[in-house]
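# Observations on the three-dimensional arrangement
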Amino acid sequence: MSDALHVHHQGAVATLSLNRPELHNAFDAGLIQALTEALEAVGNDPSVRAVVLAGNGASFSAGADLQWMRAMASASQEENRIDALALARLMRTLDELPKPTIARVQGASFGGGVGLVACCDIAIAAEGARFGLTESRLGLLPAVISPYVIAAIGPRQARRWFATGEHFDAATALQIGLVHQVVAADALDAAVQAQLALLAKAGPVAAASAKILVREVCAAVGDRDGLDRANAGLIAALRASDEGKEGLSAFLEKRAPSWADRKAP
């Protein structure tokens, strides 16, 4: 694994930590590739039930490395297209990862860093965290990350923040839906652990399928009949699955289900 990314496994939790603290975890082509490959690996690892995305040092991620961006400015349009597709693959891999994901956010989270936050299922920020979709200040737009940011904060908010490029604080990020919880900096790890404990009590298949359900409901909102059929099929499959049967039996027998017997992370 690249020195720019640390991967740590503890029990059923994999923590992926961006490790360029001297650059506020700004990413370049190497970090994008390393993070994509690490996500694919934990996504395919049956021992992993949840993934935490974090940044070492003072910041979560300040977005794109300026030196990398300077180099890409002199590259051809085709080279830039290929480069942008690599970032798109990263965001989609994180967004569709078949494991619940938690963003642990402190310090700066700008540009593509906001995209990473938006792609995670749960986002928890320290009170002092700062955010910004700052691409317009460079004459650019957050195009690659836009589907995920818009899904998180909505079109009206996106129109403002995409256009102005202004910074905003953690309280605003909570208000517009980019993060789910804001806590004191010294309570950040405890808040992440609390969410991991809740995920450990949920059925692994059910927790992993939650994002699929949400995505399909949003995609099929205009086809109510098709949506009803798809949702009926999903719940029927879950009820008939080993996990569904165990969950119902445990509830009726007033005991913990088998998956919750593992020590919580």
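The notes below deal with the structure included here.

## Details of the overall build of the protein chain
The number of helices and strands found in the protein chain is 11 helices and nine strands. Here the C-alpha coordinates of the protein chain stretch approximately 65 × 45 × 35 Å along the principal axes. A total of 265 residues make up the protein chain; the buried ones form 43% of that total. Within the protein chain, counting contacts between residues at least 6 apart in sequence, those at least 24 apart form 69% of the total. Carbon and sulfur atoms make up 57% of the accessible area of the protein chain, which totals about 13,700 Å². One finds the centroid of the 24 positive side-chain charges in the protein chain at a distance of 5 Å from the centroid of its 28 negative side-chain charges.

## Some details on a nonpolar patch on the surface
Taken together, the side chains of Leu248, Phe251 and Leu252 present a nonpolar region at the surface, about 380 Å² in accessible area. Look at phenylalanine 251 and you get exposed, because its relative accessible area is 64%.

## Describing the sheet that holds strand β7 (residues 130-132)
The three strands are arranged β5-β7-β8 in an open sheet whose pairing can be described as mixed. Strands with a single pairing partner mark the edges of an open sheet, and in this sheet they are β5 (108-110) and β8 (167-169). Within this sheet the neighbouring strands show an average axis-to-axis angle of 25°, counted without direction. As paired strands, β7 and β8 are joined by three bridges and run antiparallel to one another. Bridging across to β8, phenylalanine 131 finds its partner in phenylalanine 168. Across the face of the sheet, helix α4 (residues 112-119) comes into contact with β5 and β7 while running at roughly 95° to β5.

## Things to note about the sheet that holds strand β4 (residues 101-105)
Strand order in the open sheet made by the six strands is β1-β2-β3-β4-β6-β9, with mixed pairing throughout. A strand with exactly one partner marks an edge of an open sheet, and here the two such strands are β1 (5-10) and β9 (181-183). Neighbour to neighbour, the strand axes of the sheet diverge by 20° on average, direction disregarded. As paired strands, β1 and strand β2 (residues 13-18) are joined by six bridges and run antiparallel to one another. Counted as the bridge partner of histidine 6 is serine 17 from β2.

## Quick notes on the nonpolar core
Core analysis: the largest hydrophobic core is formed by 50 residues, its most contacted members being Leu16, Leu35, Leu116, Phe131 and Leu178. Sorting elements by how many residues they give to this core places helix α1 (residues 29-43) first, with seven residues. Here leucine 16 is in contact with Leu5, His6, Val7, Leu35, Ala38, Leu39, Val42, Val51, Val52, Leu53 and Ala54, once residues within four sequence places are set aside. Of all hydrophobic cores here, the second largest spans 13 residues; its members include Ala50, Ile102, Ile122 and Leu199.

## Notes on the pairing of strand β3 (residues 50-55)
Here β3 lies mainly inside the structure; six of its six residues are buried. Alternating residues of β3 divide into Ala50, Val52 and Ala54 and Val51, Leu53 and Gly55, and every residue in both groups is buried. Pairing between β2 and β3: six bridges, direction parallel. From the neighbouring strand, leucine 16 faces β3, where its bridge partner is leucine 53. With α1 bridging β2 and the parallel β3, this β-α-β connection has right-handed handedness.

## Focus on the side chain of threonine 101
Inspection of the secondary structure puts threonine 101 in strand β4. If sequence neighbours within four positions are ignored, threonine 101 has contacts with Val51, Leu94, Cys119, Cys120, Asp121, Ile122 and Lys211.

## Here we look at the pattern of salt bridges
Here the structure, examined in full by the defined rule, presents 10 salt bridges. In this structure, the salt-bridge partner of arginine 20 is aspartate 65, at a minimum N-O distance of 3.1 Å. With arginine 20 in the loop between β2 and α1 and aspartate 65 in the loop between β3 and α2 (66-73), this residue pair connects regions lying 45 residues apart in the sequence. Assessed through its relative accessible area of 13%, arginine 20 is described here as buried. Notably, a salt bridge pairs aspartate 121 with lysine 211, separated by 2.8 Å at the nearest N-O pair. One end of the pair, aspartate 121, is in the loop between α4 and β6 (122-126); the other, lysine 211, is in helix α9 (residues 204-219), and 90 residues separate them in sequence. You can call lysine 211 buried: its relative accessible area is 11%. By sharing partners, the salt bridges in this structure join Arg20, Asp28 and Asp65 into a single network.

The rules behind each value
Residues numbered from 1 in each chain as written. Predicted model: local features only at pLDDT ≥ 70, side-chain atom pairs only at ≥ 80, totals over all residues. Heavy atoms only, no water. Helix = DSSP H or I, 4+ residues; strand = E, 2+ residues; numbered from the N terminus. Buried < 20%, exposed > 50% of the residue type's maximum accessible area, 1.4 Å probe, protein only. Contact = heavy atoms within 4.5 Å. Areas by Shrake-Rupley, 256 points an atom, 1.4 Å probe, with all protein chains shown as cover. Lys, Arg positive; Asp, Glu negative; His and termini not counted. Charge placed at Lys NZ, Arg CZ, Asp CG, Glu CD. Patch = residues over 30% accessible without salt bridge, like charges linked within 9 Å, V, L, I, M, F, W, Y side chains within 5 Å. Salt bridge = Lys/Arg side-chain N within 4 Å of Asp/Glu carboxyl O. Pairing = 2+ DSSP bridges. Axes fitted to C-alpha atoms, helices over the stretch in contact; angles between N-to-C directions. Core = buried A, V, L, I, M, F, W, Y, C linked by side-chain atoms within 4.5 Å. Right-handed = clockwise from strand over helix to strand, strands pointing away.

By themselves, these are just geometric observations and shouldn't be taken as functional.
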